[in-house]
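If you want the building blocks of each chain, they are given just below.
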Amino acid sequence: MALSVTETLIKPLEKFRKEQLGAVKEEKKKFDKETEKNYSLIDKHLNLSAKKKDSHLQEADVQVEQNRQHFYELSLEYVCKLQEIQERKKFEFVEPMLSFFQGMFTFYHQGHELAKDFNHYKMELQINIQNTRNRFEGTRSEVEELMNKIRQNPKDHKRASQFTAEGYLYVQEKRPAPFGSSWVKHYCMYRKAAKKFNMIPFEHRSGGKLGDGEVFFLRECTKRHTDSIDRRFCFDIEATDRPGVSLTLQAFSEEERKQWLEALGGKEALFHSFNRAIVPRPEGSAQLDKMGFTILRKCISAVETRGINDQGLYRVVGVSSKVQRLLSMLMDAKTCNEVDLENSVDWEVKTITSALKQYLRSLPEPLMTYELHGDFIVPAKSGSPESRVNAIHFLVHKLPEKNKEMLDILVKHLTNVSNHSKQNLMTVTNLGVVFGPTLMRPQEETVAAIMDLKFQNIVVEILIENHEKIFRTLPDTTFPEPACLSASPPNAPPRQSKRQGQRTKRPVAVYNLCLELEDGDSPHPPKEDTPTSSLDSLSSPSPTTTAVHRPPGPDRNHLLTDGGGFEDWVSSTPSQNRPSTVQWLNPQSPTTPSSNPAVTPPSPRSPPFLASPPATIADKPLESVVNRKARAVYPCEAEHSSELSFEIGAIFEDVQTSREPGWLEGTLNGKRGLIPQNYVKLL
């Protein structure tokens, strides 16, 4: 009935509207035009002057009469057309409606007949439903009883299967260097009688198999020791039709591996720990060579041509198999030139961006090098915004020429991407998150390196925001080399952000203590000046520093492990001023140290413990402050809405200790906010 509506009702009515009503509309337009013309001629004729010549007046009369006769005939035709369309409506409009209703009535009549024919089935189904409902409680109790039995003795209630062993295993899929290998989940089935092994790739997210299965006949199975692979519960199998080629599989637990080994007839591997071979890292073809620059430029050109406005550019990742295939083709000199990324629809933009990131990660050394990794991190942790930019500007020009050239090309592209952030939503911060770990990574993965991840992002943000200055101008040669940055005190106490994902403008404090970590509590004389060889060193004495007491009481290990860890230990331990470094970080800080370093006043926004003699602070920790008054000894300009701005001599009311380490809370001119503890003196 629904399909016949178009043929029986809609099309006939549409035809009637176009052909019949359309023709009448044209007649009406013609009639209206002639009517206007007729009355216009009559008005003109009536306005003729009686003083005109008789011949002229007679000619006008004849013309009016002819026009009247023509208009009369046209009017008759129009009236005839109207009468015709009125009559046609009575059958050409009503007939399709009748046909439609006839079909509808037939449909409902058939439905009525079917309802009568199937009435007994309906009644039977209703009775069955009711019986099922009544049996539900009994069935549920039986299922719960069976569930408890299975829970108590799971081995006694295994389902019957035609396979000797079956279940999920992860299969190692090896890829060409330098891409390593991946582990893909498969559903595996094995028949011991025929030695037939069947594997089907399975994706739990989609709830089904990813492709066609693989079937082969088992030759042997060998257990893998953890000394030979970095995963547990692994074993190798070898097929009869693939001699010398083995597959590595991983079970979910040691118990499952034992079951598989028993079913497959597995044996122990002939392996001895003293014969363990160190497998070298595969040397891939990802290098900073001509091919590498070609890959970079091809990918960047394609992204800027096709997808510069795509939302989530570089954050949305491509399908792993496609990314690997594209990168393999780009890194092959034979196929690289054949790959057309700008015009081909075979490669999605997300696949191209993922391939570019994968290439950069596959380099033997990160683009910003292992050697300078620590140097790049230090300015991101402390100093004013200007000093950060200057430091990174200086360090970029210390990179090898090829590294700097490739970094320049990439950062210029990322700057272009960030300029389209309104469309692609990839702001400078988002790009920093994506490319921080790609361009920078430490040579050794330590806890400290993990904590530095956010500072890698900051370095990339600075490169993007200051691309023209960093790559198009030379660094200031009068600027001191930032090798001593590890010894620099912070400009302000660190603030703990309450909102994750939001980085405040205030630099994070970085402390480097010059301590003699030896047994005994007595002070030691200062050593000779030695260059700092490591940014992580905790003992880098300087000629401008004085000997510092170790905190009394527990030994160093206890201080490092208890009571909040390293940061708490630092906050209660004295440090020394290093004037050259402080000046490099903060141009406004004093340049001339006091003759007695132990009592030198703190540089603006330095840690509170620098303002007092070291021995005093080490022996007497700062007490909590409640309802006190304080006077400002340094001016301060707020960098956050929760802080107070003030001049020297300002008096604060109701001063008390803040939850923020190194900060106080107080009221100034009716406004309450945070005050750096080392900027004020309690009254």
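What you see is a predicted model; the values in this text were computed from it and never measured. (Residues numbered from 1 in each chain as written. Predicted model: local features only at pLDDT ≥ 70, side-chain atom pairs only at ≥ 80, totals over all residues. Heavy atoms only, no water.)

### Here we look at the overall build of the chain
If you tally the helices and strands in the chain, you get 19 helices and 13 strands. For the chain, buried positions account for 38% of its 683 residues. Put simply, 64% of the contacts in the chain that link residues at least 6 apart link residues at least 24 apart. When the accessible surface of the chain is summed, it comes to about 41900 Å², and 53% of that surface belongs to carbon and sulfur atoms. (Helix = DSSP H or I, 4+ residues; strand = E, 2+ residues; numbered from the N terminus. Buried < 20%, exposed > 50% of the residue type's maximum accessible area, 1.4 Å probe, protein only. Contact = heavy atoms within 4.5 Å. Areas by Shrake-Rupley, 256 points an atom, 1.4 Å probe, with all protein chains shown as cover.)

### Some remarks on the sheet that holds strand 10 (residues 651-657)
Pairing is antiparallel in the open sheet, where 5 strands are placed in the order 12-11-10-9-13. For this open sheet the edge positions go to strand 12 (671-676) and strand 13 (680-682), each flanked by a neighbour on one side alone. Along the sheet, successive strands turn relative to each other by an average axial angle of 40°, direction set aside. Pairing of strand 9 (residues 628-632) with strand 13, which is carried by 3 bridges, proceeds in the antiparallel orientation. Among the inter-strand pairings, Ala632 is bridged to a residue of strand 13, identified as Val680. (Pairing = 2+ DSSP bridges. Axes fitted to C-alpha atoms, helices over the stretch in contact; angles between N-to-C directions.)

### Observations concerning the pairing of strand 9
Note: strand 9 against strand 10, 3 bridges, orientation antiparallel. Looking at the pairing, Arg628 lines up with Val655 of strand 10.

### Structural notes on the packing of helix 1 (residues 4-46) against helix 2 (residues 54-117)
At a minimum axis distance of 9 Å, the contact between helix 1 and helix 2 shows a crossing angle of 165°. Between helix 1 and helix 2, the angle is such that the two are roughly antiparallel. By crossing handedness, the relation of helix 1 to helix 2 is classed as left-handed. (Parallel < 35°, antiparallel > 145°, perpendicular 65-115°, else oblique. Left-handed = near helix turned anticlockwise from the far one by under 90°.)

### Quick look at the packing of aromatic side chains
With the rule as written, the count across this model stands at 16 aromatic pairs. A ring pair is formed by Tyr39 and Phe71, whose centres lie 6.3 Å apart and whose planes are at 70°; its orientation type is edge-to-face. Linking Tyr39 in helix 1 with Phe71 in helix 2, this pair joins segments that are 32 residues apart in sequence. Relative accessible area serves as the criterion here: at 14%, Phe71 is assigned to the buried category. Residues Tyr170 and Phe252 carry aromatic rings whose centres are separated by 5.9 Å and whose planes lie at 40° to one another, so their mutual orientation is tilted. With a gap of 82 residues between them, Tyr170 in strand 1 (residues 165-174) and Phe252 in the loop between strand 7 (246-250) and helix 4 (254-264) connect regions that are remote in the sequence. Overall, the relative accessible area of 26% leaves Tyr170 in the partly exposed class. Judged by its relative accessible area of 39%, Phe252 is partly exposed. Above the face of the Tyr168 ring, Lys185 is positioned so that its terminal group lies 4.6 Å from the ring centre. (Phe/Tyr/Trp six-rings, centres within 6.5 Å; stacked < 30°, edge-to-face > 60°. Lys NZ or Arg CZ within 6 Å of the ring centre and 35° of its normal.)

### A word on the pattern of salt bridges
A full pass over the atoms with the stated rule returns 19 salt bridges. With its nearest N and O atoms 3.1 Å apart, the salt bridge here joins Glu7 to Lys11. Of the two residues, Glu7 and Lys11 are both situated in helix 1; the distance of 4 residues between them amounts to about one turn of the helix. One salt bridge connects Lys149 with Glu145, and the closest N-O pair in it is separated by 4.0 Å. (Salt bridge = Lys/Arg side-chain N within 4 Å of Asp/Glu carboxyl O.)

### Description of the pairing of strand 6 (residues 234-239)
The element strand 6 is extensively covered by neighbouring structure, given that 6 of its 6 residues are classed as buried. In strand 6, alternate side chains face the same way, and those of Cys234, Asp236 and Glu238 on one face and Phe235, Ile237 and Ala239 on the other are all buried. In this structure, strand 5 (residues 214-223) lies alongside strand 6, joined through 5 bridges in antiparallel fashion. Paired with Lys223 across the strands is Phe235, a residue of strand 6. Pairing analysis gives 5 bridges linking strand 6 to strand 7, with the strands arranged antiparallel. Looking across to strand 7, one finds that Cys234 is bridged to Gln250.

### Describing the environment of Thr667
Mapping Thr667 onto the fold places it in strand 11 (residues 663-668). Distance from Thr667 to Gln656, taken between C-alpha atoms, is 9.9 Å for residues 11 residues apart in sequence. Discounting chain neighbours no more than four positions away, the residues touching Thr667 are Ile651, Phe652, Glu653 and Arg672.

### Here's the deal with the nonpolar core
Soluble, globular proteins show a tendency: their nonpolar side chains are buried together. Judged by nonpolar contacts, the single largest core of 63 residues is most densely connected at Phe376 and Leu439. Apart from the residues lying within four places of it in its own chain, the contact partners of Phe376 are Met368, Ile392, Leu395, Val396, Leu399, Met440 and Val459. One finds Cys188, Phe197, Leu218 and Ala239 within the second-largest nonpolar core, a separate group that totals 21 residues. (Core = buried A, V, L, I, M, F, W, Y, C linked by side-chain atoms within 4.5 Å.)

### Brief notes about helix 1
Between its first and last C-alpha atoms helix 1 spans 61 Å; for 43 residues at 1.5 Å apiece the expected length is 63 Å, and the two agree. Maximum bend of helix 1: about 35°, positioned at Ile10, with proline Pro12 one to four residues after it. All of the buried residues along helix 1 are Val5, Leu9, Phe16, Gln20, Val24, Phe31, Glu34, Thr35 and Asn38. Close packing links the buried residues of helix 1 with helix 2. (Expected span 1.5 Å × (residues − 1). Bend = angle between axes of the 7 residues up to and from the residue.)

### Re helix 8 (residues 373-381)
Burial runs high along helix 8: 8 of the 9 residues are buried. Taken together, the buried positions of helix 8 are His373, Asp375, Phe376, Ile377, Val378, Pro379, Ala380 and Lys381. On its buried face, helix 8 sits against helix 9 (385-396) and helix 14 (453-465). Positive backbone phi, at 90°, marks Gly383, one or two positions downstream of helix 8.

### Thoughts on a nonpolar patch on the surface
On the surface, a cluster of nonpolar side chains totalling about 330 Å² of accessible area is made up of Met1, Phe107 and Tyr108. Note on placement: Met1 falls in the segment before helix 1. Since its relative accessible area comes to 41%, Met1 is described here as partly exposed. (Patch = residues over 30% accessible without salt bridge, like charges linked within 9 Å, V, L, I, M, F, W, Y side chains within 5 Å.)

### So, the packing of helix 5 (residues 290-306) against helix 7 (residues 349-361)
Taken N-terminus to C-terminus, the directions of helix 5 and helix 7 make an angle of 150°; their axes are 10 Å apart at the nearest point. What the angle tells us is that helix 5 and helix 7 run roughly antiparallel. Two packed elements cross with a definite hand, and for helix 5 against helix 7 that hand is left-handed. Residue-level inspection shows Gly292, Ile295, Leu296, Cys299, Ile300, Ala302, Val303 and Arg306 of helix 5 in contact with helix 7, the latter providing Val349, Ile352, Thr353, Leu356 and Tyr359.

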